[in-house]
Protein chains: 4
Amino acid sequence: MTLAATSALPFKVADLSLAEAGRHQIRLAENEMPGLMALRSEFGETKPLSGARIAGSLHMTVQTAVLIETLVALGAHVRWASCNIFSTQDDAAAAIAVGPFGTEDEPAGVPVFAWKGETLDEYWWCAERIFDWSAEAAAAGATWAGPNMILDDGGDATLLVHKGREFELAGSVPAPGDADSHEYRIVLETLRRSLDLSVDRWTRIAAEIKGVTEETTTGVHRLYELAATGGLLFPAINVNDSVTKSKFDNKYGIRHSLPDGLNRATDVLIGGKTAFVAGYGDVGKGAAEALRGQGARVIVSEVDPICALQAAMDGYQVARIESVVGEVDIFVTGTGNYNVITTEHILAMKHLAIVANVGHFDNEIDMAGLESLAGAEKVRIKPQVHEWRLPTGRSVLVLSEGRLMNLGNATGHPSFVMSNSFANQVLAQIELYCFPERYPIGVYVLPKHLDEKVARLHLDALGVELTTLSPEQAGYIGVSVDGPYKVDHYRY
Amino acid sequence: MTLAATSALPFKVADLSLAEAGRHQIRLAENEMPGLMALRSEFGETKPLSGARIAGSLHMTVQTAVLIETLVALGAHVRWASCNIFSTQDDAAAAIAVGPFGTEDEPAGVPVFAWKGETLDEYWWCAERIFDWSAEAAAAGATWAGPNMILDDGGDATLLVHKGREFELAGSVPAPGDADSHEYRIVLETLRRSLDLSVDRWTRIAAEIKGVTEETTTGVHRLYELAATGGLLFPAINVNDSVTKSKFDNKYGIRHSLPDGLNRATDVLIGGKTAFVAGYGDVGKGAAEALRGQGARVIVSEVDPICALQAAMDGYQVARIESVVGEVDIFVTGTGNYNVITTEHILAMKHLAIVANVGHFDNEIDMAGLESLAGAEKVRIKPQVHEWRLPTGRSVLVLSEGRLMNLGNATGHPSFVMSNSFANQVLAQIELYCFPERYPIGVYVLPKHLDEKVARLHLDALGVELTTLSPEQAGYIGVSVDGPYKVDHYRY
Amino acid sequence: MTLAATSALPFKVADLSLAEAGRHQIRLAENEMPGLMALRSEFGETKPLSGARIAGSLHMTVQTAVLIETLVALGAHVRWASCNIFSTQDDAAAAIAVGPFGTEDEPAGVPVFAWKGETLDEYWWCAERIFDWSAEAAAAGATWAGPNMILDDGGDATLLVHKGREFELAGSVPAPGDADSHEYRIVLETLRRSLDLSVDRWTRIAAEIKGVTEETTTGVHRLYELAATGGLLFPAINVNDSVTKSKFDNKYGIRHSLPDGLNRATDVLIGGKTAFVAGYGDVGKGAAEALRGQGARVIVSEVDPICALQAAMDGYQVARIESVVGEVDIFVTGTGNYNVITTEHILAMKHLAIVANVGHFDNEIDMAGLESLAGAEKVRIKPQVHEWRLPTGRSVLVLSEGRLMNLGNATGHPSFVMSNSFANQVLAQIELYCFPERYPIGVYVLPKHLDEKVARLHLDALGVELTTLSPEQAGYIGVSVDGPYKVDHYRY
Amino acid sequence: MTLAATSALPFKVADLSLAEAGRHQIRLAENEMPGLMALRSEFGETKPLSGARIAGSLHMTVQTAVLIETLVALGAHVRWASCNIFSTQDDAAAAIAVGPFGTEDEPAGVPVFAWKGETLDEYWWCAERIFDWSAEAAAAGATWAGPNMILDDGGDATLLVHKGREFELAGSVPAPGDADSHEYRIVLETLRRSLDLSVDRWTRIAAEIKGVTEETTTGVHRLYELAATGGLLFPAINVNDSVTKSKFDNKYGIRHSLPDGLNRATDVLIGGKTAFVAGYGDVGKGAAEALRGQGARVIVSEVDPICALQAAMDGYQVARIESVVGEVDIFVTGTGNYNVITTEHILAMKHLAIVANVGHFDNEIDMAGLESLAGAEKVRIKPQVHEWRLPTGRSVLVLSEGRLMNLGNATGHPSFVMSNSFANQVLAQIELYCFPERYPIGVYVLPKHLDEKVARLHLDALGVELTTLSPEQAGYIGVSVDGPYKVDHYRY
């Protein structure tokens with residue numbers, strides 16, 4: 001393996017031994033990502049993504065490495081950042097930066113801007129880097145300003161383009177408001193610096209982008225809001241709501257990585273413990289199943305009466321956190337909302353109760369409130385595990401500083417789950433890039449036949465025998481023998 | 001209790017001791033149907049269904065009795081038939097026919113046309129009766145021909161109106177085709193008799209009907225087909241696809257009543273047995289969970305790769321029936337398709353394998369093929385349980401003659417499940433009857449806030465504490481504090 | 001089928017159509033009782049029980065019919081009573097009374113004294129009948145007074161012999177004490193009548209008996225007490241503590257028949273309900289698993305800290321009944337103790353809470369207290385289901401009058417479970433009858449190799465492939481290739 | 001924290017930062033080890049182990065640190081080695097070596113001889129060190145040769161004493177036989193060196209030892225063999241067969257640590273995979289439950305028909321490895337036997353199948369055969385994870401080189417499980433040390449009331465409410481209100 005001779009390498013990952021370790025893991029992960037490997041087989045020759053310049057913003061893990069190399073195998077050029085300051089696996093980033101076949105003659109690395117433990121300033125610096133295609137443009141003798149596709153997770157890359165263009169049109173970046181978060185202030189600062197350098201950089205980038213494929217609930221939510229207000233600048237595919245993404249990534253992924261993160265963080269026996277799961281959407285369903293599967297008693301909270309009734313029908317106690325806070329050993333949030341666990345709740349918890357978030361932002365738990373709590377002391381037990389000593393004399397263990405603990409304390413979703421998500425991403429990138437006429441500006445889910453295709457690509461690896469409808473049976477229920485088999489509103 | 005002095009009573013159920021037994025059960029069922037009872041509390045005063053004349057075609061069980069009395073409490077007049085020849089509980093029918101408060105002065109019974117074990121001829125005679133409102137019209141001095149609302153399960157009542165009108169417009173009823181089933185020939189015969197008596201009876205009925213609310217997949221499927229071809233004559237609400245119907249009725253209902261039916265029919269230990277579940281939709285999911293919960297090893301078959309992948313992720317072996325037929329003790333069909341279990345499959349089964357259908361029609365199992373199989377002998381073990389002695393020297397046990405065994409061998413879905421389904425039915429009847437302007441001809445699902453309302457009405461009875469969003473939290477995720485909480489495509 | 005020409009037939013079961021129905025069920029049950037059928041194959045030729053005269057006292061069900069016919073096939077003569085006033089299946093009793101091959105020339109029926117719904121007087125009359133072998137003795141020209149083996153369930157047959165002899169030695173039957181139960185007074189009355197007729201009948205019977213094999217915890221407990229005080233008159237094998245009896249009968253049997261009984265009795269949806277299981281022994285473990293498998297939330301109570309810890313480790317809330325009585329929908333007792341549910345508890349329950357006993361005697365629930373409760377009214381809903389209207393205005397549903405509801409409301413353990421228990425019974429009868437030298441007076445469990453043999457006889461029917469140790473592997477762990485594989489204290 | 005000024009510190013763990021990290025973990029573990037902390041409270045004043053000199057040989061983990069400090073708190077002096085070359089957690093060892101309160105004046109460390117990744121030579125050197133109490137004897141002005149108690153796991157410490165004395169009596173150490181393992185040769189070499197230095201060292205040590213408490217099946221098995229042949233030199237308590245040890249450690253511990261180890265080693269999604277569990281004892285039961293709880297399909301193999309039947313009744317397919325080897329993704333051995341997975345099996349596995357042992361020795365998997373397989377290549381993926389490239393072109397992943405992967409790839413059983421095991425150890429040490437008259441030479445299990453006591457000490461931490469028998473209820477079932485509650489042969 002030789003270091004790729006390109007200036008695009010990020011500054012901390014150019015480590016060949018790291019890269020080699022990452023390469024081992026990528027090879028093993030490929031065995032667990034049959035969906036991506038099948039797409040390489042299917043489209044490796046025709047290279048439908050030739051000409052695509054993809055700005056990727058998604059946790060820089062081993063699995064993402066297999067995604068990136070699949071995109072490259074399908075013809076795309078790629079620049080990559082992580083979408084979370086803690087989630088990068090440095091060896092995977094290094095391996096991707098170096099590339100699998102890299103020689104001095106053929107540097108095959110992909111420009112990656114991500115490392116484990118970024119500061120927020122560094123995070124947004126990285127995010128900006130994936131839009132800077134000047135080296136590639138120079139090499140190609142082209143005049144484009146940036147990427148022509150975005151592959152996004154959480155919407156930060158999309159935000160940068162939309163806000164950047166908005167401020168360019170306005171001629172200035174607004175001063176931060178009192179209510180603006182620390183992070184948003186950094187975004188404003190980033191764009192202010194950009195505006196100083198160019199008055200139309202983001203406007204030109206926005207014009208070049210053919211579409212974005214978005215990975216998560218939060219990012220999709222932002223896209224629907226943009227679309228509703230007419231502010232969306234390019235078509236978007238909501239990958240999150242493919243069944244093979246949402247059910248599999250959220251439910252089965254969390255089922256796997258929640259106990260994994262709890263174990264790596266605390267080594268606490270889950271069996272016999274009382275666990276509280278806030279939210280009984282797909283994430284909560286996976287969390288509750290995993291905890292029960294390890295012998296915990298699970299109590300669920302919900303605001304949606306339908307999901308609450310589902311939780312009851314699945315045999316869980318459904319209670320408000322206030323009713324049970326003092327008897328719970330492990331708290332898990334998976335709501336997508338904020339202030340689900342407040343400082344008041346934390347003060348009422350048992351000594352050394354564990355507080356873990358698998359929802360989205362760190363504000364599911366009121367970390368800000370905890371940080372400003374008089375008399376509270378934060379003691380680092382090990383990376384991503386902190387004991388908060390409270391004025392009550394009790395402590396709680398907060399994992400990953402309230403951020404996604406399945407990423408911070410474990411290694412995120414396992415490869416097989418991500419193979420489902422990422423096969424959706426790849427198909428969505430192909431749809432938007434190759435068939436722009438099908439997608440006027442708006443937010444779309446993938447057509448059901450592609451969702452079913454993603455599932456189909458994963459069956460052999462699990463030894464699943466699929467039954468085939470006879471033409472008569474297909475006719476009887478009014479579907480094609482090859483699907484799609486369900487109406488769009490089918491809930492699985 | 002006094003027998004209601006009305007000629008509308010069906011001919012076999014006017015039995016006061018039966019009625020008394022049924023009344024006991026209705027009272028107990030009311031405790032398990034908090035949704036319907038809550039609707040009586042909410043709407044008992046305002047009686048939104050005043051003036052409604054509902055033709056009901058739905059299994060005439062104890063639970064349906066609570067539905068009927070809820071409709072009556074909300075102001076409706078009702079005539080009722082069962083939608084299945086085996087599913088009537090005679091005591092429930094008797095109790096409804098007699099009515100809860102019936103005195104000689106105040107006959108409170110509802111005209112019911114249903115008994116356990118109808119012939120197909122009797123079945124369609126009953127179905128026709130619910131459209132004959134002449135006695136009521138006479139009593140009211142009105143000129144209407146029939147009902148103004150249909151509450152349907154499987155679509156037979158809707159079929160009768162549509163076919164009746166079609167043949168009236170055509171001026172004749174066609175001769176049955178070679179491919180027509182025995183049952184369809186009876187439908188044709190029924191309508192031929194009708195046409196002899198009146199050239200426009202169904203046409204006038206169709207014109208009076210404000211809408212139909214449909215209970216099941218099969219009926220809904222027919223409605224969408226009618227709508228697609230422009231043949232639908234009045235608006236329809238697809239109750240089946242309310243979450244509180246489909247997930248609860250199909251999944252949780254089957255989870256309950258499949259083992260119940262197996263036990264009542266066979267008393268065979270489920271634990272340790274190998275069970276095969278054809279189809280992993282909601283019905284199959286409930287069936288598989290129930291069987292596993294009793295210690296069976298479950299093998300699933302699927303044609304839809306997404307559902308197949310779900311089954312695998314839930315830990316089930318997924319195989320084609322041909323691969324495992326010889327090692328299975330209990331076969332369960334829940335596909336909604338036909339010929340899922342063929343005569344060939346049956347001939348390859350273990351001695352005394354159990355064959356049970358919880359899907360829809362009896363043709364999920366090729367009963368016709370079995371009946372015409374040379375050398376096969378059918379031995380009645382007890383009601384709804386037959387041993388088929390096969391030419392191989394082995395036997396299989398077929399439950400409920402291949403029809404829905406949860407109805408034939410047990411007592412159908414339990415009251416709590418039906419309280420969910422039926423609360424949807426009642427709300428759907430109110431919507432179509434009170435707000436016709438909202439529903440031009442077409443097929444609709446209930447608005448999500450009503451679906452959530454149904455769930456909400458069932459929480460207290462289960463001791464569920466619902467968490468309430470703060471206004472800030474609701475704003476954060478962009479919903480109202482009172483819901484609806486999810487986008488329409490949310491899958492639960 | 002011809003009625004057996006013997007005066008030994010009990011007075012209510014000589015019904016040929018009942019017998020025919022029973023015969024069908026016996027044939028089906030044989031398919032589910034591979035252990036017994038295998039013993040018929042193995043010992044049908046050599047007939048090790050030739051000469052055995054077995055007095056059987058065990059629930060007279062279809063499964064017991066297969067046991068009885070197995071004992072007969074192995075050469076024994078048998079007289080049978082039930083050990084519970086509600087548990088007889090009349091068709092099974094009739095079939096056994098008539099016999100499978102009965103012709104006028106060859107009456108093959110077995111004298112059976114049992115019917116569903118005996119009074120306590122009738123019960124003890126029946127119990128006495130199985131010791132009256134005068135007809136058989138006359139036919140054989142023999143002088144014995146009674147049986148030479150007892151097969152007992154609960155110890156009533158054993159009690160009769162021991163008490164009968166005790167009072168004969170004392171010369172009189174004592175007057176009942178104030179604390180004596182109604183039932184014990186009947187026992188005393190029965191023995192007083194016997195003493196009037198013969199001063200040494202039970203003494204002679206006791207002397208002839210070579211041993212007893214006992215089915216249940218309660219009976220075994222009595223035997224150990226007798227042995228401890230030196231009062232035991234003949235050797236006993238504790239069948240209850242064979243692994244293939246206790247784990248299978250108690251745990252897997254209850255897992256099956258508890259929900260079955262709940263369903264048949266109430267048709268109440270178990271899913272979503274809160275269930276309380278008193279006792280987490282094998283019976284409680286099976287009950288809790290079944291209820292969870294149906295989607296109930298299960299709360300367990302225990303007095304033994306080890307079992308309590310097991311329940312917690314299995315994910316159940318463990319609480320005292322007082323702490324949760326008001327939130328429970330379904331109460332299940334399985335402790336083997338008494339007054340586990342008191343009248344006070346019952347008064348604190350939710351309206352229409354279900355109260356069910358799967359432990360042993362009806363005093364697990366304080367039925368006596370309930371019956372004497374001022375203002376309580378007992379309303380029969382259907383056989384074995386009573387609504388108790390309480391002075392609080394609420395009601396509870398009591399199943400099987402507090403007796404074993406898996407017998408009273410369902411059909412007891414399924415055949416496969418009983419095949420395990422009964423194969424132990426048959427092997428135990430052979431051991432005591434054929435190898436008396438191995439068993440001086442005392443209480444024994446079956447040797448482990450016979451316990452393993454019972455398991456082995458049931459594997460093929462379930463498609464289980466057993467792995468065989470290589471001689472080297474067997475040597476490595478110090479066992480024989482053929483077993484036994486475990487030390488005696490192994491807990492499974 | 002100050003380094004303890006003692007020469008007894010092992011050579012690799014005297015690292016203060018390591019010690020500090022370990023101290024943090026010990027403090028957290030104490031919260032999860034309520035049994036040990038309760039024993040400190042109960043016996044901390046009376047110090048029943050005063051004068052005890054314990055040679056401990058047991059995995060040197062954080063949990064063992066809490067055990068060691070409990071023994072010290074009860075008055076004992078302790079020297080410690082690990083019983084496995086991979087299982088030491090260096091930070092725990094360092095913390096123990098330094099001690100919690102260590103100052104220059106008051107060095108409180110315990111002599112520890114253990115580090116992660118010992119060679120076999122180093123392992124046996126460490127094992128010998130725990131018998132060398134010369135420094136302590138000198139400090140105390142005493143003449144004893146070694147410890148007076150052994151706390152053993154696997155029996156290596158006990159072996160050393162027995163073999164040492166045997167060879168001293170024989171006057172020489174035999175030459176290794178052809179069949180002797182590499183490890184046994186090292187044992188012989190170790191004892192040969194010892195014999196060169198002293199002709200009676202082990203003889204004197206053996207005479208001083210009052211007893212051994214043994215942790216595991218394997219060690220217990222050796223003890224029973226020694227006892228059977230009359231070779232046992234001192235009494236032994238079989239801690240392994242306390243219910244609160246065997247059920248909790250084996251079943252619940254493996255349920256926790258198997259998926260933990262799989263995740264840390266491979267990050268492979270368990271859901272949807274086919275897993276094979278060899279052995280359905282307590283370890284296999286825990287393994288199967290964990291894998292199913294994560295959504296795997298589990299196939300079990302067994303040689304014991306009772307356990308095989310249990311597996312079937314729990315819903316698992318039971319098959320021989322040969323029948324399913326090609327469809328399995330994850331192999332887990334938990335039999336306690338050897339050659340359970342042979343080279344032949346490995347050659348037939350899927351590409352990248354995972355092979356993991358949670359039984360006992362590495363010979364459950366034929367690692368020796370694999371190592372000598374022509375054409376096989378071993379590639380290190382990361383510590384304790386090796387890819388074996390096979391001549392077939394396929395690979396398998398072998399965890400922890402075939403040794404216990406729950407120790408090698410994870411952190412062993414969690415604290416709460418070990419609190420149960422170790423509370424048994426402490427009580428057993430007290431029994432043997434304080435009440436030698438109760439225990440003539442032989443192998444004993446702890447009396448049931450102590451087993452129940454261990455359980456009782458763990459209930460509060462889990463929020464378990466224990467129900468108390470009334471004196472009448474206790475009398476009714478013939479037990480004391482305070483227990484023990486079960487007969488000795490009860491199986492839980």
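Residues numbered from 1 in each chain as written. Chains lettered and ligands numbered in written order. Predicted model: local features only at pLDDT ≥ 70, side-chain atom pairs only at ≥ 80, totals over all residues. Heavy atoms only, no water.

Concerning the side chain of Arg264 of chain D
Then, number 1: As for its position among the elements, Arg264 of chain D is in helix 11 (residues 243-266).
Then, number 2: Separated by 2.8 Å, the side chains of Arg264 of chain D and Asp267 of chain A make a polar contact.
Then, number 3: Looking at Arg264 of chain D, its side chain comes within polar contact range of the side chain of Asp260 of chain D, at 2.8 Å.
Then, number 4: Ignoring any residue separated from it by four or fewer positions in sequence, one finds Arg264 of chain D in contact with Asn263, Arg264 and Asp267 of chain A together with Lys382, Asn409, Ala410 and Thr411 of chain D. (Helix = DSSP H or I, 4+ residues; strand = E, 2+ residues; numbered from the N terminus. Polar contact = N/O pair within 3.5 Å; in protein donor to acceptor, adjacent residues only side chain to side chain. Contact = heavy atoms within 4.5 Å.)

Here's the deal with the interface of chain A and chain C
Then, number 1: Contact residues are listed per partner, giving 13 residues for chain A and 13 residues for chain C.
Then, number 2: Taken over both partners, the interface formed by chain A and chain C buries close to 890 Å², and the fraction arising from carbon and sulfur atoms is 59%.
Then, number 3: For the pair chain A and chain C, the number of links is zero salt bridges.
Then, number 4: Grouping the constituent residues of the side of chain A that touches chain C by class yields five nonpolar, five polar and three charged. (Buried area = accessible area lost by both parts, 1.4 Å probe. Salt bridge = Lys/Arg side-chain N within 4 Å of Asp/Glu carboxyl O. Nonpolar A, V, L, I, M, F, W, Y, C, P; charged D, E, K, R; others polar.)

A look at the sheet that holds strand 5 (residues 211-214) of chain D
Residues and elements named next belong to chain D.
Then, number 1: Spatial strand order, 3-2-1-4-5-6-15: seven strands in an open sheet with parallel pairing. Two strands close off the open sheet at either side, each with one partner strand: strand 3 (112-113) and strand 15 (443-444).
Then, number 2: Here five bridges tie strand 1 (residues 53-57) to strand 2 (residues 77-81), and the two strands are oriented parallel to one another. Bridging from a neighbouring strand, Ile54 pairs with Val78 of strand 2.
Then, number 3: On the sheet, helix 7 (residues 156-170) packs against strand 1, strand 4 (149-152) and strand 5 and is oriented at approximately 135 degrees with respect to strand 4.
Then, number 4: In the packing of helix 10 (residues 217-228) onto the sheet, the strands contacted are strand 5, strand 6 (236-238) and strand 15, and the crossing angle to strand 5 comes to about 140 degrees. (Pairing = 2+ DSSP bridges. Axes fitted to C-alpha atoms, helices over the stretch in contact; angles between N-to-C directions.)

Section: the environment of Leu169 of chain A
Then, number 1: Residue placement: Leu169 of chain A occurs in helix 7 (residues 156-170).
Then, number 2: In the structure, Leu169 of chain A is positioned 31 residues away from Asp200 of chain A in sequence and 8.1 Å away in space, judged by C-alpha atoms.

Details of the relation of the copies chain A and chain C
Then, number 1: Its rotation angle being 180 degrees, the transformation that places chain A on chain C also includes 0.0 Å of axial translation and leaves an RMSD of 0.1 Å. As the rotation angle and translation indicate, the two copies are arranged about a two-fold axis.
Then, number 2: Both copies share a contact surface, since 100% of the interface residues of chain A are interface residues in chain C too. (Least-squares fit on C-alpha atoms with pLDDT ≥ 70 in both.)

Digging into the sheet that holds strand 4 (residues 149-152) of chain B
Neighbouring strands of a sheet are bound in pairs by backbone hydrogen bonds; such pairs are parallel or else antiparallel.
Residues and elements named next belong to chain B.
Then, number 1: Strand order in the open sheet formed by seven strands is 3-2-1-4-5-6-15, and the pairing between neighbours is parallel. Sheet topology places strand 3 (112-113) and strand 15 (443-444) at the edges, where each strand pairs with a single neighbour.
Then, number 2: Relative to strand 15, strand 6 (residues 236-238) runs parallel, the two being bridged by two bridges. The residue bridging Ala236 from the neighbouring strand is Val443, located in strand 15.
Then, number 3: Against the sheet, helix 3 (residues 62-73) makes contact with strand 1 (53-57), strand 2 (77-81) and strand 4, and its axis sits at roughly 160 degrees relative to strand 2, the strand it touches most.
Then, number 4: Contacting strand 1, strand 4, strand 5 (212-214) and strand 6, helix 18 (residues 415-434) crosses the sheet at an angle of about 155 degrees to strand 4.

Brief notes about the relation of the copies chain A and chain B
Then, number 1: For these two chains of identical sequence, chain A goes onto chain B by a turn of 180 degrees and a shift of 0.0 Å along the axis, with RMSD 0.1 Å.
Then, number 2: Same-surface contact between copies: 98% of interface residues of chain A are shared with the interface of chain B.

Quick notes on the interface of chain A and chain B
Quoted interface sizes are often the accessible area lost when the parts come together.
Then, number 1: If you look at the interface, chain A gives 65 residues, while chain B gives 64 residues.
Then, number 2: With both chains or domains summed, chain A and chain B bury close to 6000 Å², and 58% of this area falls on carbon and sulfur atoms.
Then, number 3: Viewed at the interface, chain B and chain A are joined by four salt bridges.
Then, number 4: Residue Asp304 of chain A is joined to Lys486 of chain B by a salt bridge in which the shortest nitrogen-to-oxygen separation is 2.8 Å.
Then, number 5: Between the two partners, chain A and chain B, sit 32 residue pairs in polar contact (both at pLDDT 80 or more).
Then, number 6: When contributions to the side of chain A that touches chain B are tallied by element, the ones reaching two or more residues are helix 10 (217-228), helix 11 (243-266), helix 12 (282-293), helix 13 (305-313), helix 18 (415-434), helix 19 (448-456) and helix 20 (471-477) of chain A.

Details of the UniProt feature "binding site: substrate" (unreviewed entry) in chain A
Residues and elements named next belong to chain A.
Then, number 1: The sites that carry the UniProt feature "binding site: substrate" (unreviewed entry) are, in the present numbering, Thr61, Asp153, Glu215, Lys245 and Asp249.
Then, number 2: The topology assignment puts Thr61 in the loop between strand 1 (53-57) and helix 3 (62-73).
Then, number 3: Here Thr61 is in contact with Ser87, Gln89 and Ala92, once residues within four sequence places are set aside.
Then, number 4: Topologically, Glu215 is positioned in the loop between strand 5 (211-214) and helix 10.
Then, number 5: Residue Glu215 is classed as buried on the basis of its relative accessible area, which comes to 1%.
Then, number 6: Setting aside residues no more than four positions away along its own chain, Glu215 makes contact with Leu58, Asp152, Asp153, Val239, Asn240, Lys245, Asp249, Met418, Ser421, Phe422 and Gln425. (UniProt positions renumbered as here; feature names shortened; annotations may be inferred. Buried < 20%, exposed > 50% of the residue type's maximum accessible area, 1.4 Å probe, protein only.)

What about the state of the cysteines?
Think of a disulfide as a covalent bridge from one cysteine sulfur atom to another cysteine sulfur atom.
Then, number 1: Under the defined criterion, the tally for this structure stands at zero disulfides over all chains.
Then, number 2: Left without a disulfide partner, Cys83 of chain A is nearest to the cysteine sulfur of Cys126 of chain A, which lies 12 Å away. (Disulfide = S-S within 2.5 Å.)

Here we look at the pairing of strand 11 (residues 353-357) of chain A
Residue and element names in this part refer to chain A.
Then, number 1: Within strand 11, five of the five residues are buried, which leaves the element mostly enclosed by the surrounding structure.
Then, number 2: Neither face of strand 11 is exposed, since Ala353, Val355 and Asn357 on one face and Ile354 and Ala356 on the opposite face are all buried.
Then, number 3: Bridge analysis of strand 10 (residues 330-333) against strand 11 gives four bridges, and the strand direction is parallel. For Val332, the partnering residue across the bridge sits in strand 11 and is Ala356.
Then, number 4: In the sheet, strand 11 pairs with strand 14 (residues 395-399) via three bridges, with the strands oriented parallel. Pairing of Ile354 across the sheet is with Leu397, part of strand 14.

Notes on the packing of aromatic side chains
Then, number 1: Under the criterion given, the structure shown has 36 aromatic pairs over all chains.
Then, number 2: Consider the rings of Tyr490 of chain A and Tyr492 of chain A, whose centres lie 4.7 Å apart with planes at 90 degrees: the pair is edge-to-face.
Then, number 3: Note on Tyr490 of chain A: relative accessible area 18%, which makes it buried.
Then, number 4: Given a relative accessible area of 1%, Tyr492 of chain A falls into the buried group.
Then, number 5: Geometry around Tyr433 of chain C places Lys210 of chain C over its ring, the cationic atom sitting 4.5 Å from the centre.
Then, number 6: The ring centre of Tyr490 of chain D lies 5.1 Å from the NZ or CZ of Lys486 of chain D, which sits over that ring. (Phe/Tyr/Trp six-rings, centres within 6.5 Å; stacked < 30°, edge-to-face > 60°. Lys NZ or Arg CZ within 6 Å of the ring centre and 35° of its normal.)

A word on the pattern of salt bridges
Then, number 1: Within the structure shown, the criterion is met by 96 salt bridges over all chains.
Then, number 2: Among the ionic pairs, Glu32 of chain A bridges to Lys273 of chain D, the shortest N-O distance being 2.6 Å. Of this pair, Glu32 of chain A sits in the loop between helix 1 (16-31) and helix 2 (34-43) while Lys273 of chain D sits in the loop between helix 11 and strand 7 (274-278), on two different chains.
Then, number 3: With relative accessibility at 3%, the residue Lys273 of chain D sits in the buried group.
Then, number 4: Among the ionic pairs, Arg255 of chain B bridges to Glu289 of chain B, the shortest N-O distance being 2.9 Å.

Some thoughts on the packing of helix 1 (residues 16-31) of chain D against helix 4 (residues 90-98) of chain D
Residue and element names in this part refer to chain D.
Then, number 1: Where helix 1 meets helix 4, the axes come as close as 7 Å, and the angle between the chain directions of the two elements is 95 degrees. In terms of axis orientation, helix 1 runs roughly perpendicular to helix 4. Each of Leu16, Leu18, Ala19, Ala21, Gly22, Arg23, Gln25 and Ile26 in helix 1 lies in contact with helix 4, whose residues at this interface are Asp90, Asp91, Ala92, Ala94, Ala95, Ile96 and Val98.
Then, number 2: Residues belonging to the contact of helix 1 with helix 4 are distributed by class as follows: ten nonpolar, two polar and three charged. (Parallel < 35°, antiparallel > 145°, perpendicular 65-115°, else oblique.)

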